[in-house]
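The chain contents come next:
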Amino acid sequence: MATKKDLTKEQKIKKEITRLNRVFKCLDKNKLATVQSLIKAAAFNAVTMDELQEIINVEGYTQEYKNGANQFGIKQSAEVEIYISMTRNQTTIIKQLADLAPPEARKNSKLEALRRKS
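What you are looking at is a predicted structure, and each value in this text was computed from that prediction instead of being measured.

Enquirer: Quick question: what am I supposed to make of the nonpolar core here?
Expert: Nonpolar side chains tend toward joint burial in soluble globular proteins. With 16 residues, the main nonpolar core has Phe24, Leu32, Val35, Ile39, Ala42 and Leu97 as its most contacted residues. The set of elements that each furnish at least two residues to this core consists of helix H1 (9-23), helix H3 (36-59) and helix H4 (78-100). Of the residues forming this core, the biggest block, five residues, is contributed by H3. Dropping the residues within four chain positions of it, Val35 is found in contact with Leu27, Leu97 and Leu100.

As structure tokens, then:
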């Protein structure tokens with residue numbers, strides 16, 4: 001069995017889509033078909049955010065910049081800016097998905113527990 005690091009990005013996304021489809025299997029078929037784009041976006045974001053975390057852990061949160069002869073300093077890295085943006089998007093997507101789940105499924109859902117924490 002391939003480890004998580006051995007999988008390609010596409011394989012990781014496919015695996016996450018499968019996991020999310022299992023979470024929302026209680027939705028009726030029409031609603032499930034409607035939310036597939038949200039599920040795909042959530043899976044893409046989750047995998048990409050994992051990759052960004054690895055880059056940030058190696059390269060750090062900041063980077064030096066130089067704008068001309070005398071203008072230089074330290075700023076937030078591009079990876080951190082993207083990660084923050086994707087985190088906001090992921091939170092919105094997960095909230096939308098959680099709101100679509102039937103109330104009885106929300107009570108015991110790990111997704112709902114995560115949503116209540118934030």
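Enquirer: Would you mind showing me how to read H4 here?
Expert: Residues separated by three or four positions in an α-helix point in the same direction, a consequence of the helix having 3.6 residues per turn. In a regular helix each residue adds 1.5 Å, so 23 residues correspond to 33 Å; H4 covers 33 Å between its end C-alpha atoms and thus fits that length. Looking only at H4, the buried set comprises Val80, Met86, Gln90, Ile93, Ile94, Leu97 and Ala98.

Enquirer: What exactly am I supposed to notice about the pairing of strand S1 (residues 62-66) here?
Expert: Within a regular strand, side chains alternate between the sheet's two faces. Sheet topology note: the S1/strand S2 (residues 72-76) ladder contains five bridges and is antiparallel. Bridge pairing in S2 links Thr62 to Gln76. In this structure, the hairpin formed by S1 and S2 is closed by a connection of five residues, where Gly68 is found at a positive phi of approximately 105°.

Enquirer: How should I be thinking about the packing of H3 against H4 in this particular structure?
Expert: The relative placement of two packed helices is expressed as an angle between their axes plus a distance between the axes. H4 packs onto H3 with a crossing angle of 150° between their chain directions and a minimal axis gap of 9 Å. Relative to H4, the element H3 lies roughly antiparallel. For H3 against H4, the interelement crossing comes out left-handed. When grouped by side-chain class, the residues that make up the contact of H3 with H4 number 18 nonpolar, seven polar and two charged.

Enquirer: Just checking my understanding: could you explain the side chain of Glu16 for this structure?
Expert: Structurally, the position occupied by Glu16 is in helix H1. In this view, Glu16 contacts Ala43 and Ala46; residues no more than four positions away in its chain are not counted.

Enquirer: Whenever I open this one, the pattern of salt bridges confuses me. Can you help?
Expert: Oppositely charged side chains may form a pair once their charged atoms are brought near each other. For the structure on display, the rule yields three salt bridges. Between Arg19 and Glu16 there is a salt bridge whose closest N-O contact spans 2.7 Å. Taken together, the positions of Arg19 and Glu16, both in helix H1 and three residues apart, correspond to about one turn of that helix. A salt bridge links Asp99 to Lys95; the shortest N-O distance between them is 2.9 Å. A residue pair is termed a helical-turn pair when its members lie 3 or 4 positions apart in one helix, as Asp99 and Lys95 do in helix H4 at four residues.

Enquirer: So what exactly am I meant to see when it comes to the packing of H1 against H3 here?
Expert: For the pair H1 and H3, interaxial distance at closest approach is 9 Å and the crossing angle is 130°. Overall, the two elements H1 and H3 adopt an arrangement that is oblique. In terms of crossing hand, the pair formed by H1 and H3 is right-handed. For the pair H1 and H3, the contacting residues are Lys9, Lys12, Ile13, Glu16, Ile17, Leu20 and Asn21 in the first and Gln36, Ile39, Lys40, Ala42, Ala43, Phe44, Ala46, Val47, Thr48 and Glu51 in the second. Residues of the contact of H1 with H3, tallied by class, amount to nine nonpolar, three polar and five charged.

Cut-off values and rules
Residues numbered from 1 in each chain as written. Predicted model: local features only at pLDDT ≥ 70, side-chain atom pairs only at ≥ 80, totals over all residues. Heavy atoms only, no water. Core = buried A, V, L, I, M, F, W, Y, C linked by side-chain atoms within 4.5 Å. Buried < 20%, exposed > 50% of the residue type's maximum accessible area, 1.4 Å probe, protein only. Helix = DSSP H or I, 4+ residues; strand = E, 2+ residues; numbered from the N terminus. Contact = heavy atoms within 4.5 Å. Expected span 1.5 Å × (residues − 1). Pairing = 2+ DSSP bridges. Axes fitted to C-alpha atoms, helices over the stretch in contact; angles between N-to-C directions. Parallel < 35°, antiparallel > 145°, perpendicular 65-115°, else oblique. Left-handed = near helix turned anticlockwise from the far one by under 90°. Nonpolar A, V, L, I, M, F, W, Y, C, P; charged D, E, K, R; others polar. Salt bridge = Lys/Arg side-chain N within 4 Å of Asp/Glu carboxyl O.

Everything listed here is a matter of coordinates, which is why it stays silent on function.
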